[in-house]
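Structural characterization, general
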Amino acid sequence: MILDLKTPDLGDADKIELVEWYVGIGDTVAIGQEILELVTDKASFPMEAPRKGKIVEILVNSGSIVQKSQILGKLEVLSD
């Protein structure tokens with residue numbers, strides 16, 4: 001199963017920047033592992049992997065401005 005990694009709801013943030021991916025395509029991640037960092041004008045928000053899996057696609061590059069609910073990448077879910 002492929003899971004979309006979407007920008008979470010960060011409240012009333014006007015500008016959300018994807019500062020850095022901590023993982024790359026092909027990397028295996030654990031549930032709760034920080035996979036990227038988002039920054040608004042008020043705070044920094046690390047985004048965690050929602051499931052154990054493998055990063056199969058990165059759709060937004062570091063340094064890009066993103067929107068709420070935008071698909072940032074794709075995770076192939078791996079069974080435990």
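Above this text is the structure in question.
These remarks concern the structure in this document. (Residues numbered from 1 in each chain as written. Predicted model: local features only at pLDDT ≥ 70, side-chain atom pairs only at ≥ 80, totals over all residues. Heavy atoms only, no water.)

**Focus: the pairing of strand β6 (residues 53-58)**
Where strand β3 (residues 28-29) and β6 come together, 2 bridges link them in antiparallel fashion. Among the inter-strand pairings, valine 29 is bridged to a residue of β6, identified as glycine 53. Of the pairings in the sheet, the one linking β6 to strand β8 (residues 71-77) comprises 5 bridges and is antiparallel in character. Following the sheet pairing, isoleucine 55 is matched in β8 by leucine 75. (Pairing = 2+ DSSP bridges. Helix = DSSP H or I, 4+ residues; strand = E, 2+ residues; numbered from the N terminus.)

**What about the sheet that holds β8?**
As summarised here, the arrangement of the 4 strands in space is β1-β8-β6-β3, forming an open sheet in which the pairing is antiparallel. This sheet does not close on itself; its edge strands, each paired only once, are β1 (2-6) and β3.

**Notes on the sheet that holds strand β4 (residues 34-39)**
Read from one edge to the other, the open sheet built from 4 strands follows the order β5-β4-β2-β7, with strand pairing classed as antiparallel. The sheet is open, and its two borders are formed by β5 (44-48) and β7 (64-66), each paired with just one other strand. Strand after strand, the sheet turns through a mean of 40° between neighbouring axes, direction not considered. As defined by bridge partners, strand β2 (residues 16-21) adjoins β7 across 3 bridges and the pair is classed as antiparallel. In the strand pairing of β7, isoleucine 16 is matched with valine 66. (Axes fitted to C-alpha atoms, helices over the stretch in contact; angles between N-to-C directions.)

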